[in-house]
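# Analysis of the macromolecular model
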Amino acid sequence: MQIWDVAIVGCGPVGAFMANVLGQRGLKTIVLDRETAPYALPRAVHIDHEMVRLLASVGLGETMLAQMRAGDGHIHIGADHGMIRYLSVAGSPRPYGYANDYFFFQPELETALRQGLERFSNVELRLGASVDGLVETGDHVQLALSGGDTVRARWVIGCDGARSTVRKLLDIRLDDLDFDEPWLVVDAEVDGKISFPDLWGVPEGANLQNLSLMMCDPQRPATIVPGRGNHRRWEFMLLPGESDAEMAAPERVAALVEPWVEGASHRIIRAATYRFHGLVAEQWRKGRVFVAGDSAHQTPPFFGQGMCHGLRDAANLGWKLALVTEGKADDALLDTYQPEREAQVRHVISAAIGAGKYICELDPERAVERDARVRGETKMRSASELIAPIASAIVGPGAGERFINPALASGGLLDDVTGGGWVLLEAERHDLSADAQSVLDQLGAKRATLGPESLDAHGFLSGWFTQRHVTAALIRPDFYVGTVGSAETIDDRLTALGGAMRLAARVKEMEH
Ligand SMILES: Cc1cc2nc3c(=O)[nH]c(=O)nc-3n(C[C@H](O)[C@H](O)[C@H](O)COP(=O)(O)OP(=O)(O)OC[C@H]3O[C@@H](n4cnc5c(N)ncnc54)[C@H](O)[C@@H]3O)c2cc1C
């Protein structure tokens with residue numbers, strides 16, 4: 001029986017993206033999903049610039065950009081219906097190349113990701129295939145499908161969502177981060193503009209139609225999000241004593257939405273209650289099996305980061321699995337997946353829980369205090385700025401950060417010019433030793449030097465290097481910085497990285 005390099009259980013957005021990453025790397029990959037079509041209604045509506053960059057890295061950036069709305073930022077309204085916080089990104093410079101926030105329709109993303117798989121003869125998508133058992137034996141894992149079929153693969157990734165069968169089969173527990181709030185989620189198509197209640201303090205020039213708006217009103221916390229095209233999303237918190245069934249009843253939904261759609265014809269396409277919570281799996285790898293996406297973590301959606309976390313998981317694990325499967329790195333490299341991803345995920349989930357507690361405040365007096373406090377703050381970080389550098393087996397200050405991707409003077413974004421993948425970006429050309437060059441060769445890294453033609457109008461690139469007092473940065477395929485250095489240090493840092501990453505040839509050299 002055929003042994004696949006990788007079997008992915010679940011073809012939601014995370015499994016489908018993972019399969020595109022592995023397909024592009026040439027790994028023999030099978031994706032199994034128990035359903036025959038993507039879930040037809042959106043859950044996620046927001047992604048940030050990093051996701052567009054990741055989608056572009058698998059050739060799907062343009063497809064998705066054509067189907068998304070770039071947002072202007074976020075606005076929070078207090079108990080007195082006055083503005084308490086405004087995070088505008090309209091017209092701001094774009095160090096990462098794309099707009100800060102995009103609104104999209106999840107079924108369209110899932111369709112694009114599945115169509116993307118058709119490009120790869122090494123990837124098979126098997127629908128209607130439900131995994132209900134797994135056994136690891138020697139050099140592979142055998143998956144049991146309901147109906148009696150089996151599939152064998154060297155590595156298995158459970159991308160099978162919040163109720164993950166794979167996670168349960170591995171007996172992995174979830175760490176509960178103590179947030180559990182019920183919200184009603186309503187999606188509608190609206191012909192025309194949204195109406196807003198009497199709000200005060202909204203800055204002139206703020207386009208409410210293109211902002212995600214958080215009503216921090218203790219009488220009914222709610223969010224209103226501009227989706228792509230005529231899609232609009234509302235989320236209403238359930239108040240104590242309200243039941244799911246009563247809130248999702250059509251007449252109740254119509255009454256909740258009515259003040260926002262005065263005079264505009266609209267069609268409700270879904271109303272359902274969800275419990276927003278924060279959960280993180282205690283183990284993300286057991287032997288040859290990994291969990292990723294909602295199977296590994298779930299977050300309250302206040303920063304719109306749940307699926308984004310999952311795509312980052314796939315980008316992180318994807319290149320590591322490729323190096324190990326190709327025999328270029330030791331299996332130990334795969335142990336860096338959880339520590340690199342988990343710390344970052346926990347950081348954002350705890351921030352989302354903090355935001356949730358502030359938004360979900362139902363005590364009128366405490367809400368007034370909150371509003372006064374927030375109005376007194378001078379700066380708040382955006383969700384995107386909350387993405388902390390990853391901790392890793394990496395060396396040098398600046399390593400672990402997301403690398404920037406500005407538009408270059410020569411045209412196109414940095415990634416368009418470098419082509420992505422592993423890139424040693426140099427402010428000046430360095431003479432590398434044979435050892436350092438061999439690390440780059442094992443990674444398949446390209447070298448690119450910043451000439452005047454590659455400088456960007458805002459000086460992001462030159463600023464990045466000068467602020468960190470370095471002249472070279474090794475960018476990983478997931479766009480995080482692998483290592484940095486100057487003329488004096490880059491050589492040693494590249495060779496150290498090759499050892500720390502357990503690159504096969506480097507480890508052999510070290511043993512001799
Ligand atoms: C109301 C709401 C709003 C949200 N908003 C945002 C947002 O704005 N931005 C954001 O980034 N995230 C958001 N999220 C989170 C986002 O929707 C999820 O993180 C994302 O869908 C998870 O993707 P996944 O691929 O991990 O899992 P899923 O999308 O759940 O996919 C799992 C797949 O596995 C398959 N499967 C399950 N079990 C098996 C099995 N045993 N065998 C075979 N196949 C199986 C399922 O059929 C499914 O296709 C939101 C979530 C909710 C509920």
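Computed from a predicted structure; not experimentally measured.

## Digging into empty space enclosed by the protein
All chains considered together, the criterion is met by 5 cavities of 30 Å³ or more. Looking at the second largest cavity, the residues that line it are Arg53, Leu414, Asp415, Thr418, Gly420, Gly421, Val423, Ile475 and Phe479. Of the residues belonging to the lining of the second largest cavity, the class tally is 4 nonpolar, 3 polar and 2 charged.

## Brief notes about helix α12 (residues 434–443)
Along α12, the positions that sit buried rather than exposed are Ala436, Ser438, Val439, Leu440, Gln442 and Leu443. Among the residues trailing α12, glycine 444 stands out with phi positive, at a value near 70°.

## What about the sheet that holds strand β21 (residues 446–449)?
Strands sit in the order β21-β20-β22-β23 across an open sheet of 4 strands; the sheet is mixed. This sheet does not close on itself; its edge strands, each paired only once, are β21 and β23 (481–485). With strand direction ignored, the average angle separating the axes of adjacent strands in the sheet is 15°. Examined bridge by bridge, strand β20 (residues 423–426) and β21 share 4 bridges and lie parallel to one another. What sits directly across from leucine 425, in β21, is alanine 448.

## Remarks on the state of the cysteines
For the structure shown, the criterion picks out 0 disulfides. For cysteine 11, which is in no disulfide, the shortest distance to another cysteine sulfur is to cysteine 159 and amounts to 9.1 Å. Looking at the unpaired cysteine 308, the closest cysteine sulfur is the one in cysteine 159, lying at 15 Å.

## Topic: the pairing of β20
Going residue by residue along β20, you find Val423 and Leu425 tucked away on one face and Leu424 and Glu426 tucked away on the opposite face as well. Read as a crossover between parallel neighbours, the route from β20 over α12 to β21 is right-handed. By the bridge criterion, 4 bridges tie β20 to strand β22 (residues 472–475) in an arrangement that is antiparallel. Considered in β22, the bridge of glutamate 426 is made with alanine 472.

## A word on the nonpolar core
Membership of the largest hydrophobic core comes to 115 residues, with the highest contact counts inside it found for Phe17, Ile47, Leu143 and Ile157. Broken down by element, this core gets its largest block of residues, 11 residues, from helix α8 (residues 306–325). Two domains share this core, each providing at least three of its residues, namely domain 1 (3–67 + 104–176 + 279–360) and domain 2 (414–511). Core analysis: the second largest hydrophobic core is formed by 26 residues, Ala188, Val190, Leu208 and Met247 among them.

## A closer look at the pairing of strand β12 (residues 174–190)
Where β12 and strand β16 (residues 266–281) come together, 14 bridges link them in antiparallel fashion. Looking at the pairing, proline 182 lines up with arginine 275 of β16.

## Overview of the packing of aromatic side chains
Under the counting rule described, the total for this entry stands at 12 aromatic pairs. Each ring, one from phenylalanine 403 and one from phenylalanine 465, has its centre 6.3 Å from the other, and the planes form 55°; the classification is tilted. In this pair, phenylalanine 403 is assigned in the loop between α10 (364–376) and α11 (414–418) and phenylalanine 465 in helix α13 (residues 460–468), connecting sequence segments 62 residues apart. Looking at phenylalanine 403, the relative accessible area reads 0%, which means it is buried. The exposure class of phenylalanine 465 is buried, given its relative accessible area of 3%. Three or more aromatic residues joined by ring pairs make a cluster, and in this case those are Trp155, Trp284, Phe290 and Tyr337.

## Digging into the domain arrangement of the protein chain
Along its sequence, the protein chain is carved into domain 1 (3–67 + 104–176 + 279–360) and domain 2 (414–511). Spacing between the C-alpha centres of domain 1 and domain 2 amounts to 28 Å. Between domain 1 and domain 2 lies a buried interface of about 1300 Å² when both sides are counted; carbon and sulfur atoms form 55% of it. Among the residues of domain 1 in contact with domain 2, Arg53, Trp319 and Lys328 are the three that bury the most area, contributing 42% of the side total. Run the count over domain 1 and domain 2 and you get 2 salt bridges. Across the pair aspartate 415 and arginine 53 runs a salt bridge whose closest N-O atoms are separated by 2.7 Å. At the junction of domain 1 and domain 2, the tally comes to 6 residue pairs in polar contact (both at pLDDT 80 or more). Residue assignment for the side of domain 1 that touches domain 2 shows that the elements contributing at least two residues are α2 (49–57), α8 and α9 (337–359). Among the elements that line the side of domain 1 that touches domain 2, the one with the most residues is α8, at 5 residues.

## Re the site of the ligand
Neighbouring the ligand are 33 residues; Asp33, Arg43, His46, Asp294 and Met307 lie closest to it. At 3.4 Å, a backbone N or O of alanine 44 approaches an oxygen atom of the ligand. Glycine 306 places a polar main-chain atom, nitrogen or oxygen, 3.4 Å from a nitrogen atom of the ligand. In isolation the ligand exposes 1000 Å². Once the protein is present, 90% of that is buried. At the level of elements, α1 (13–24), β2 (29–33) and α8 are the ones that each hand at least two residues to the shell around the ligand. Ranked by the residues each element gives to the shell around the ligand, the list is headed by α8, at 3 residues. For the shell around the ligand, a count of residues per class yields 15 nonpolar, 11 polar and 7 charged.

## Some words on the pattern of salt bridges
Applying the stated criterion to the full structure yields 33 salt bridges. A salt bridge links arginine 267 to glutamate 189, with the shortest nitrogen-to-oxygen separation between them at 3.1 Å. Pair noted here: arginine 267 is in strand β16 and glutamate 189 is in strand β12, with a separation of 78 residues, a long-range link. A salt bridge links glutamate 426 to arginine 447; its shortest N-O distance comes to 2.9 Å. With glutamate 426 in strand β20 and arginine 447 in strand β21, the pair connects residues that are 21 residues apart, well separated along the chain. Here the salt bridges do not stand alone but share partners, grouping Asp48, Glu50, Arg312 and Arg402 into one network.

Criteria and cut-off values
Residues numbered from 1 in each chain as written. Predicted model: local features only at pLDDT ≥ 70, side-chain atom pairs only at ≥ 80, totals over all residues. Heavy atoms only, no water. 1 Å grid on protein atoms, 1.4 Å probe; cavity = no way out; pocket = protein on both sides within 12 Å on 5 of 7 lines; lining within 4 Å. Points joined across faces, edges and corners; volume = space filled by probe spheres on them. Nonpolar A, V, L, I, M, F, W, Y, C, P; charged D, E, K, R; others polar. Buried < 20%, exposed > 50% of the residue type's maximum accessible area, 1.4 Å probe, protein only. Helix = DSSP H or I, 4+ residues; strand = E, 2+ residues; numbered from the N terminus. Pairing = 2+ DSSP bridges. Axes fitted to C-alpha atoms, helices over the stretch in contact; angles between N-to-C directions. Disulfide = S-S within 2.5 Å. Right-handed = clockwise from strand over helix to strand, strands pointing away. Core = buried A, V, L, I, M, F, W, Y, C linked by side-chain atoms within 4.5 Å. Domains from an automatic or database assignment. Phe/Tyr/Trp six-rings, centres within 6.5 Å; stacked < 30°, edge-to-face > 60°. Buried area = accessible area lost by both parts, 1.4 Å probe. Salt bridge = Lys/Arg side-chain N within 4 Å of Asp/Glu carboxyl O. Polar contact = N/O pair within 3.5 Å; in protein donor to acceptor, adjacent residues only side chain to side chain. Near = heavy atom within 4 Å. Areas by Shrake-Rupley, 256 points an atom, 1.4 Å probe, with all protein chains shown as cover.

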